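This is what each chain is made of:
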2 protein chains.
Amino acid sequence: MSVDTQQVRMAQALREAGYRLTQPRLAVLQVLQENEAGLNPEEIHQLGKTLCPSLGLVTVYRTLDLLAELGLARRLHSEHQCHSYASARTDRHYLICERCHRVIEFPCHGLDELLESVRQHTGYTINEHLLELRGLCPDCQENQAVQRNA
Amino acid sequence: MSVDTQQVRMAQALREAGYRLTQPRLAVLQVLQENEAGLNPEEIHQLGKTLCPSLGLVTVYRTLDLLAELGLARRLHSEHQCHSYASARTDRHYLICERCHRVIEFPCHGLDELLESVRQHTGYTINEHLLELRGLCPDCQENQAVQRNA
DNA sequence: TCCTTGTTGAAAGAACTTTTCAATAAACTA
DNA sequence: TAGTTTATTGAAAAGTTCTTTCAACAAGGA
Ligand SMILES: [Mn+2]
Ligand SMILES: [Mn+2]
Ligand SMILES: [Zn+2]
Ligand SMILES: [Zn+2]
């Protein structure tokens, strides 16, 4: 299963960085893994407790910091909910549904020219970027159409 | 003066939306106007008090909400400081210096093709986007070079 | 199995943001 | 300009979110 593979990869990364592979950390990891939506610390805590009943909210915060540092999780920013997190894949390009708040990542080709042009016009060096797109996912488009006809 | 023009424009927008043009609001408006950096509510409060000594922090929060709603100010999101604000120009493209935290906006050409390609691959409709670039401003690049040679 | 030490969860504390409410001042009227 | 109405304000209190502290615990190596 590809989900398990991903989780093993994340667990290994933790170990390789010298951190212990604990039940609370595995729980947070798995929650992020199983939810493509951005979840906030409290939501992750609730879901995580079903996997590791003793899990404390403090540990969720600590683990999210750790995972973000290791590049295994990403902080997301949106107007209605500030610090939510998602499992990090390879890039930093998020497509967020404004209705159901589902978050997916998309491969981002064609940004390089833009970055080069900004570099030339401003004199800034550019180290990283964040591109968030906001719109409606196919499901929500359909639901909206159905509601309109009802 | 272009700064004044911009400020008048913002003040008019407030009035046209049916809100009163008060001293505290003008102070917040002017602070955002005069600082291209992203400022957090507390910083805006400190600077605003020099313009309107009675200004309270609560009013800063309220005014920032209001200005964001009217599209006159924008919330910025960065790793180390979550809710900072900047005067809103026409777009949503920020270039943030990782060292001095200066924020500038840049015109963003060439994103349309990327958006269209994402639309086709995902089936999402896309309503808005946020592009944040992170790097070093020219001043900080120079300072860094100087330090290295010292 | 035992030991070492990184990790945990609860409680307390700090930081940040919102609500409440009486006093104030902006805008309109006469 | 003075008077009236009502949105707005600031202080205090309350509510949230996040961090620090510290004794108990458990992961991983011996
Ligand atoms: Mn934010
Ligand atoms: Mn944020
Ligand atoms: Zn959706
Ligand atoms: Zn700089």
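Everything below is about the structure shown above.
Residues numbered from 1 in each chain as written. Chains lettered and ligands numbered in written order. Predicted model: local features only at pLDDT ≥ 70, side-chain atom pairs only at ≥ 80, totals over all residues. Heavy atoms only, no water.

A. Expanded view of the overall build of chain A. Helix and strand counts for chain A stand at six helices and five strands. Going from N to C terminus, chain A has its helices and strands arranged as α-α-α-α-β-β-β-β-α-β-α. Evaluated residue by residue, chain A yields a buried proportion of 44% over its 150 residues. Long-range pairs, those at least 24 residues apart, make up 51% of the contacts in chain A between residues at least 6 apart in sequence. When the accessible surface of chain A is totalled, it reaches about 8,000 Å², and 49% of it is carbon and sulfur. (Helix = DSSP H or I, 4+ residues; strand = E, 2+ residues; numbered from the N terminus. Buried < 20%, exposed > 50% of the residue type's maximum accessible area, 1.4 Å probe, protein only. Contact = heavy atoms within 4.5 Å. Areas by Shrake-Rupley, 256 points an atom, 1.4 Å probe, with all protein chains shown as cover.)

B. Quick look at the protein's contact with DNA strand D. Around DNA strand D, 20 residues are found, and the nearest of them are Tyr61 of chain A together with Thr22, Ser54, Thr59 and Arg62 of chain B. In the model, a phosphate oxygen of DNA strand D is placed 2.3 Å from a nitrogen or oxygen of the Tyr61 of chain A side chain. Here a phosphate oxygen of DNA strand D sits 2.7 Å away from a polar atom, N or O, in the main chain of Ser54 of chain B. Of all the elements in the fold, those that place two or more residues in the surface near DNA strand D are helix H4 (57-69) of chain A together with helix H2 (23-34) and helix H4 (57-69) of chain B. (Near = heavy atom within 4 Å. Polar contact = N/O pair within 3.5 Å; in protein donor to acceptor, adjacent residues only side chain to side chain.)

C. The arrangement of the sheet that holds strand S3 (residues 93-97) of chain A in detail. A sheet is described by the order of its strands in space; here six strands give the open sequence S4(A)-S3(A)-S5(A)-S5(B)-S3(B)-S4(B), paired in mixed fashion. For this open sheet the edge positions go to strand S4 (103-105) of chain A together with strand S4 (103-105) of chain B, each flanked by a neighbour on one side alone. Strand-to-strand twist of the sheet, defined as the mean angle between neighbouring strand axes without regard to direction, takes the value 20 degrees. Bridge count between strand S3 (residues 93-97) of chain B and strand S5 (residues 125-136) of chain B: five bridges; the pairing is parallel. Looking across to S5 of chain B, one finds that His93 of chain B is bridged to Leu131 of chain B. This element, helix H5 (residues 112-122) of chain A, spans strand S5 (125-136) of chain A together with S3, S4 and S5 of chain B of the sheet and lies at about 125 degrees to S5 of chain A. (Pairing = 2+ DSSP bridges. Axes fitted to C-alpha atoms, helices over the stretch in contact; angles between N-to-C directions.)

D. Focus on the packing of H2 of chain B against H4 of chain B. All names here are of chain B. In contact at an axis separation of 10 Å, H2 and H4 are set at 70 degrees when each is read in the N-to-C sense. Here H4 runs roughly perpendicular to H2, going by the angle between their axes. At the point where H2 passes H4, the crossing takes the right-handed sense. Taking contact as the criterion, the partners of Pro24, Arg25, Val28, Leu29 and Leu32 in H2 are, on H4, Thr59, Val60, Thr63, Leu64, Leu66 and Leu67. A per-class count over the contact of H2 with H4 returns eight nonpolar, two polar and one charged. (Parallel < 35°, antiparallel > 145°, perpendicular 65-115°, else oblique. Left-handed = near helix turned anticlockwise from the far one by under 90°. Nonpolar A, V, L, I, M, F, W, Y, C, P; charged D, E, K, R; others polar.)

E. Representation of the packing of helix H3 (residues 41-49) of chain A against H4 of chain A in the model. All names here are of chain A. At a minimum axis separation of 9 Å, H3 and H4 run at an interaxial angle of 115 degrees. Relative to H4, the element H3 lies roughly perpendicular. In this structure, H3 meets H4 at a crossing whose hand is right-handed. Facing H3, whose interface residues are Pro41, Glu42, Ile44 and His45, H4 presents Leu57, Val60, Tyr61 and Leu64. A class-by-class count of the residues in the contact of H3 with H4 yields six nonpolar, one polar and one charged.

F. How the structure looks around the protein's contact with DNA strand C. Taken together, 20 residues sit near DNA strand C, with Ser54, Thr59 and Arg62 of chain A together with Leu21 and Tyr61 of chain B positioned nearest. Each atom of DNA strand C within 4 Å of the protein was classed as base or backbone; sugar and phosphate made up 65%. Here a phosphate oxygen of DNA strand C sits 3.1 Å away from a polar atom, N or O, in the main chain of Gly56 of chain A. Separating a phosphate oxygen of DNA strand C from a backbone N or O atom of Leu21 of chain B is a distance of 2.8 Å.

G. Molecular detail of the interface of chain B and chain A. Listed per partner, the contact involves 39 residues of chain B and 39 residues of chain A. For the pair chain B and chain A, the summed buried area comes to about 3,300 Å², and 60% of that belongs to carbon and sulfur atoms. There are zero salt bridges connecting chain B and chain A. Connecting chain B to chain A are six residue pairs in polar contact (both at pLDDT 80 or more). Elements represented by at least two residues in the side of chain B that touches chain A include exactly S3, helix H5 (112-122), S5 and helix H6 (138-149) of chain B. Ranked by residues supplied to the side of chain B that touches chain A, first place goes to S5 of chain B with 12 residues. Across 11 bridges, the pairing between S5 of chain A and S5 of chain B is antiparallel. Counted as the bridge partner of Thr125 of chain A is Leu136 of chain B from S5 of chain B. (Buried area = accessible area lost by both parts, 1.4 Å probe. Salt bridge = Lys/Arg side-chain N within 4 Å of Asp/Glu carboxyl O.)

H. Fine view of the pattern of salt bridges. All names here are of chain A. Within this structure, the stated rule accounts for two salt bridges over all chains. Among the salt bridges present, the one from Glu116 reaches Arg119, with a minimum N-O distance of 2.5 Å. Of this pair, Glu116 and Arg119 both sit in helix H5, separated by three residues, roughly a single helical turn. Classification of Arg119 by relative accessible area gives partly exposed; the value is 32%.

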